Amino acid sequence: MAIEFLTWSDVEHGRCDTVSPLIRRVIAPNPGPYTYTGTGTYIVGHGEVAIIDPGPDDDTHVDALLAATAGETVSHIVVTHTHRDHSPASRALASETGAAIVGCAPHPPEDTGSDLHEGEADDGVAGEEPGDFHFLADRELHHGDRVRGTSFTLEAVATPGHISNHLCFALVEEEALFTGDHVMGWSTTVIPQPAGDLRQYLRSLELVIERSDERFLPTHGPVIDEPVRFAEALLAHRRQRERQIVEQLRLGSRSIPEIVAALYVGLDERLHRAAGASVQSHLVALCADGTVDHDADGDTYRLS
Ligand SMILES: [Zn+2]
């Protein structure tokens with residue numbers, strides 16, 4: 001099953017767009033290889049509002065959010081996870097509005113924030129936005145916890161995988177799910193090591209497929225209007241990739257570059273590291289399952 005990715009073109013950073021009766025969106029000026037056209041910050045409710053994924057530490061974006069909510073009360077700043085394109089603006093926004101910061105746990109300590117993340121931000125093709133180690137919610141939310149305003153109810157849905165602290169948020173009044181980086185219409189989700197976990201990610205995909213939400217609203221890119229079909233295509237894609245990797249190991253491939261060369265024929269050289277990171281996330285999971293053994297040198301793999 002091929003994934004039909006979604007694109008959009010009518011993007012103006014800082015403009016406030018109406019997405020649905022209860023939802024508005026302002027896109028931050030941080031377009032890039034992991035952020036597509038930029039972080040899409042959602043404003044939920046009217047009069048008393050929640051702001052979901054306030055975005056990067058960028059004064060222009062915070063000012064745009066303050067302008068979009070002028071005359072209203074921001075009651076909650078809601079954060080899906082601690083990548084730097086999602087959570088850092090929570091501090092400036094909280095100090096300007098007095099709103100409570102609620103949502104995910106602090107950045108996972110096992111993510112050392114080392115070379116994989118920081119280094120690869122520059123070459124612009126692999127990895128993921130680095131971690132926001134300063135994030136601390138006033139109230140940490142867990143699966144099923146709710147936050148309420150006069151016109152909205154948001155319920156946390158634990159969706160580890162992209163990163164262990166990832167939460168989606170259901171808007172009960174509209175049967176809509178804010179999916180953060182868990183499900184995005186424009187791209188597959190990177191599962192960076194060591195804070196990502198492919199097995200958890202696949203379980204979290206099954207979890208959001210089982211829900212009956214009308215729409216998914218990712219933090220990057222357009223609304224997903226056929227969420228179940230889209231998420232099922234993502235799941236099928238990952239399962240097919242895993243079968244292909246096992247098959248390549250059976251045929252004699254031993255390293256990540258060999259597997260990338262076999263499976264991503266014709267891929268732009270600059271994307272090989274990103275493809276390698278994806279293959280690695282599968283190999284880590286296959287090793288944990290006991291399907292694959294990892295040689296002591298760390299670079300070669302074989303079927304168990
Ligand atoms: Zn992320």
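**Student:** Would you explain the domain arrangement of the protein chain in this entry?
**Tutor:** Interface size is commonly expressed as the accessible area that is lost once the parts come together. Split into domains, the protein chain comes out as domain 1 (16-235) and domain 2 (238-303). Across the boundary between the two partners, domain 1 contributes 14 residues, which contact twelve residues of domain 2. If you list the elements that add at least two residues to the side of domain 1 that touches domain 2, you get α4 (198-210) and α5 (227-251). Counting residues per element, the side of domain 1 that touches domain 2 draws most heavily on α4, which supplies three residues. Considering only residue class, the side of domain 1 that touches domain 2 consists of nine nonpolar, three polar and two charged.

**Student:** When you look at the nonpolar core in this model, what are you seeing that I'm missing?
**Tutor:** When a protein is soluble and globular, its nonpolar side chains tend to lie buried together. Residues Val 44, Ala 50, Ile 51, Val 78 and Phe 169 are the most contacted members of the largest nonpolar core, which totals 66 residues. The dominant element in this core, judged by the number of residues it contributes, is helix α7 (residues 272-289), at seven residues. Three or more residues apiece are contributed to this core by two domains, here domain 1 (16-235) and domain 2 (238-303). Among all residues touching Val 78, those that are not within four sequence positions of it are Ala 50, Ile 51, Ile 52, Val 102, Gly 103, Val 147, Leu 154 and Phe 169.

**Student:** Even after reading the chapter, I still don't get the confidence of the model for the protein chain, so can you show me in this structure?
**Tutor:** Interpreting fine coordinate detail is not advised for predicted regions of low pLDDT. Overall, the predicted model of the protein chain reaches an average pLDDT of 92, with 94% of residues at or above 70. Scored below 50 in pLDDT, residues 114-126 shows 25 contacts in the model against residues more than four places distant or in partner chains.

**Student:** What is the right way to read the sheet that holds strand β8 (residues 146-148) from this model?
**Tutor:** Adjacent strands of a sheet pair through backbone hydrogen bonds, lying either parallel or antiparallel. The mixed open sheet is built from five strands, whose spatial order is β8-β9-β10-β11-β12. On the outer flanks of this sheet lie β8 and β12 (215-218), each paired with one strand and no other. The mean angle between the axes of side-by-side strands here comes to 25°, regardless of whether they run parallel or antiparallel. In the sheet, strand β9 (residues 153-158) pairs with strand β10 (residues 167-171) via five bridges, with the strands oriented antiparallel. Across the sheet, Ala 156 pairs through a bridge with Phe 169, a residue of β10.

**Student:** So what exactly am I meant to see when it comes to the sheet that holds strand β5 (residues 73-79) here?
**Tutor:** Pairing within the open sheet is mixed, and its seven strands lie in the order β1-β2-β3-β4-β5-β6-β7. Only two strands of the sheet have a single partner each, and these edge strands are β1 (16-20) and β7 (139-140). Alignment of strand β3 (residues 40-44) against strand β4 (residues 48-52), held across three bridges, turns out to be antiparallel. Along β4, the bridge assignment pairs Tyr 42 with Ile 52. Strands in contact with helix α2 (residues 89-97) are β4, β5 and β6 (100-103); relative to β5, the strand with the most contacts, it is inclined by about 160°.

**Student:** Sorry, what's going on with the pairing of strand β2 (residues 23-27) here?
**Tutor:** Note on strand geometry: in a regular strand, side chains alternate between the two faces of the sheet. Among the five residues of β2, four are classified as buried, and the element is accordingly described as predominantly covered. As judged from the four bridges shared by β1 and β2, these two strands associate in the antiparallel manner. When the sheet's bridge partners are listed, Cys 16 is paired in β2 with Val 26. Counting the residues that bridge the hairpin from β1 to β2 gives two residues. Judged from the five bridges that link them, β2 and β3 form a sheet pairing that is antiparallel. Residue pairing for β3: Ile 23 is matched across the bridge by Val 44.

About the cut-offs
- Residues numbered from 1 in each chain as written.
- Predicted model: local features only at pLDDT ≥ 70, side-chain atom pairs only at ≥ 80, totals over all residues.
- Domains from an automatic or database assignment.
- Contact = placed C-beta atoms within 7 Å.
- Helix = DSSP H or I, 4+ residues; strand = E, 2+ residues; numbered from the N terminus.
- Nonpolar A, V, L, I, M, F, W, Y, C, P; charged D, E, K, R; others polar.
- Core = buried A, V, L, I, M, F, W, Y, C linked by C-beta atoms within 7 Å.
- Buried ≥ 20, exposed ≤ 12 C-beta atoms within 10 Å, placed from the backbone.
- pLDDT = per-residue confidence, 0-100.
- Pairing = 2+ DSSP bridges.
- Axes fitted to C-alpha atoms, helices over the stretch in contact; angles between N-to-C directions.

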